[in-house]
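Structure assessment
For reference, the chains in residue letters:
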Amino acid sequence: MPVLDREEFIEQAYFFHAFRERLADGVPSQEILLRVGEELLSTTKLPMAIGFISTESKLTGLMAPAMRQLSHYFTPFQAHVVSQAEADLSRFPMEQALLVLEREVEYKAKGASLPGLFIYQFESIARNRLGYTKGLAAMAEDPMYDEDWRDYIMALLTRLGDVDFADLIFVRSAFFVNERRKLKPDFVPKYPPLFGEKEGKIARANHGRDPLYLFSALQRQLGYPEVPRPRRPDGVEDRIALLEQRVAQLESRLKFVESEGSAAASPPDFDMKQVLVNPENTAGIPAGWSARRLES
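Predicted model, so just to flag it, every value in this text is computed and none were measured.

As a further point, take the overall build of the protein. For the protein, the helix and strand inventory stands at 15 helices and zero strands. Put simply, the protein has 296 residues, and 37% of those count as buried. Residue pairs in contact within the protein that sit at least 24 positions apart in sequence constitute 57% of those at least 6 positions apart. Per element, the accessible surface of the protein, about 18600 Å² overall, is 53% carbon and sulfur.

A complete count under the given rule lists 19 aromatic pairs for this structure. Judged by centre distance (5.9 Å) and plane angle (25°), the rings of Phe118 and Phe122 are stacked. Residue Phe118 and its partner Phe122 are both found in helix α7 (residues 114-128); the two are separated by four residues, about one turn of the helix. Residue class for Phe118 comes out buried when judged on its relative accessible area of 0%. Look at Phe165 and Phe215: their rings are 5.8 Å apart centre to centre, the planes differ by 70°, and that puts the pair in the edge-to-face class. Residue Phe165 is found in helix α10 (residues 165-170), and its partner Phe215 is found in helix α13 (residues 211-222); the two are separated by 50 residues along the sequence. Pair check on accessibility: Phe165 and Phe215 agree, each one buried. A network of ring pairs unites the aromatic residues Phe118, Phe122, Tyr132, Tyr145, Trp149, Tyr152, Phe165, Phe195 and Phe215 as a single cluster. The cationic tip of Arg204 hangs over the ring face of Phe170; the distance from NZ or CZ to the ring centre is 4.8 Å.

Next up on the list: the nonpolar core. Ranked by internal contacts, the top residues of the largest apolar core, which has 68 residues, are Phe15, Phe74, Phe118, Met139 and Tyr152. Discounting chain neighbours no more than four positions away, the residues touching Phe118 are Met139, Tyr145, Trp149, Tyr152, Ile153, Leu156, Phe165 and Phe195.

Further remarks concern the pattern of salt bridges. Applying the stated criterion across every chain yields a total of nine salt bridges. Between Glu147 and Arg150 there is a salt bridge whose closest N-O contact spans 3.7 Å. Linking Glu147 with Arg150, this pair stays in helix α9 (residues 147-159), spanning three residues, or about one helical turn. The exposure class of Arg150 is partly exposed, given its relative accessible area of 26%. Here Lys182 makes a salt bridge to Glu179, at a shortest N to O gap of 3.2 Å. Within this pair, Lys182 and its partner Glu179 are both found in helix α11 (residues 174-183), separated by three residues, close to a single helical turn. Here the salt bridges share partners, and the residues they tie into one network are Glu104, Lys108 and Asp142.

Judged by side-chain polarity, Tyr132, Met154 and Leu157 come together as a nonpolar surface patch covering roughly 250 Å² of accessible area. Take Tyr132: it is sitting in helix α8 (residues 132-140).

This part is about the environment of Glu104. In this fold, Glu104 is placed in helix α6 (residues 94-109). A relative accessible area of 0% places Glu104 in the buried class. Separated by 17 residues in sequence, Glu104 and Gln121 place their C-alpha atoms 7.9 Å apart.

In this section: the packing of helix α1 (residues 6-24) against helix α2 (residues 29-36). Put simply, α1 and α2 touch, their axes get as near as 10 Å, and they point 140° apart. The pairing of α1 with α2 is recorded here as oblique in orientation. Here α1 and α2 pass one another in a crossing that is right-handed. Where α1 abuts α2, its residues Phe15, Ala18, Phe19, Arg22 and Leu23 lie against Ser29, Ile32, Leu33 and Val36. When the residues that make up the contact of α1 with α2 are grouped by side-chain class, the tally is seven nonpolar, one polar and one charged.

Cut-offs and rules
- Residues numbered from 1 in each chain as written.
- Predicted model: local features only at pLDDT ≥ 70, side-chain atom pairs only at ≥ 80, totals over all residues.
- Heavy atoms only, no water.
- Helix = DSSP H or I, 4+ residues; strand = E, 2+ residues; numbered from the N terminus.
- Buried < 20%, exposed > 50% of the residue type's maximum accessible area, 1.4 Å probe, protein only.
- Contact = heavy atoms within 4.5 Å.
- Areas by Shrake-Rupley, 256 points an atom, 1.4 Å probe, with all protein chains shown as cover.
- Phe/Tyr/Trp six-rings, centres within 6.5 Å; stacked < 30°, edge-to-face > 60°.
- Lys NZ or Arg CZ within 6 Å of the ring centre and 35° of its normal.
- Core = buried A, V, L, I, M, F, W, Y, C linked by side-chain atoms within 4.5 Å.
- Salt bridge = Lys/Arg side-chain N within 4 Å of Asp/Glu carboxyl O.
- Patch = residues over 30% accessible without salt bridge, like charges linked within 9 Å, V, L, I, M, F, W, Y side chains within 5 Å.
- Axes fitted to C-alpha atoms, helices over the stretch in contact; angles between N-to-C directions.
- Parallel < 35°, antiparallel > 145°, perpendicular 65-115°, else oblique.
- Left-handed = near helix turned anticlockwise from the far one by under 90°.
- Nonpolar A, V, L, I, M, F, W, Y, C, P; charged D, E, K, R; others polar.

In structure tokens, the structure reads:
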């Protein structure tokens with residue numbers, strides 16, 4: 001797969017952004033795919049790709065299988081992120097997946113560095129629990145990585161969990177090589193360094209700590225793109241639903257009170273003779289009743 005031009009990344013960022021916003025507004029995904037293709041730059045290949053996705057998704061209702069068929073345009077990492085959002089039991093919302101892809105292509109359009117791209121993709125997989133085995137395999141197939149980067153990414157599958165992630169960055173950095181050459185001037189690394197000196201220093205400072213602290217430091221110090229975090233449930237929607245339910249109950253009670261008040265203000269005509277029992281319709285005057293009481 002060739003590396004796409006900058007204008008392709010810009011249009012992809014617009015597509016993911018527009019898709020995410022309209023999906024949040026309740027617009028069906030099929031309708032979004034039909035309309036957004038007309039808004040994209042016609043000199044790019046993205047409108048044709050969106051048309052293919054729209055046609056294929058009508059059969060399955062999914063976007064990821066169509067994106068995998070367009071492997072010459074969409075990267076395996078992009079298809080993997082969308083497939084995780086479309087999984088049946090996934091807790092990874094589609095809005096979150098689209099935001100992850102939007103920031104990734106925006107970073108590529110600005111001229112992404114390979115260490116920054118790697119950190120962003122890896123943190124996206126780790127933070128959103130997208131699966132290391134399939135996720136790293138998809139990352140390795142990104143056309144922006146060369147052979148050394150692909151070997152390094154695939155080697156992580158066997159070393160994650162056994163070796164501290166900060167050390168995995170430190171030993172492949174220029175800072176590690178410079179530190180070794182201070183002790184041994186003729187030191188030659190076994191593998192070529194992939195990270196710069198600043199990345200190595202930050203990784204060394206975060207040895208033994210949570211990798212999230214390492215990601216945050218790289219974002220602050222080197223301007224790496226920030227991975228969107230899942231929105232924390234604040235309970236606002238639940239409270240609004242509860243308030244709506246209580247307002248409906250109050251409305252029903254007010255209607256009942258108004259109906260009772262109107263009935264009391266104008267009581268209907270009622271004939272007591274309809275409910276009185278005549279003596280001739282009974283077995284006689286009860287014992288102990290006097291005629292005087294009956295007359296009264």
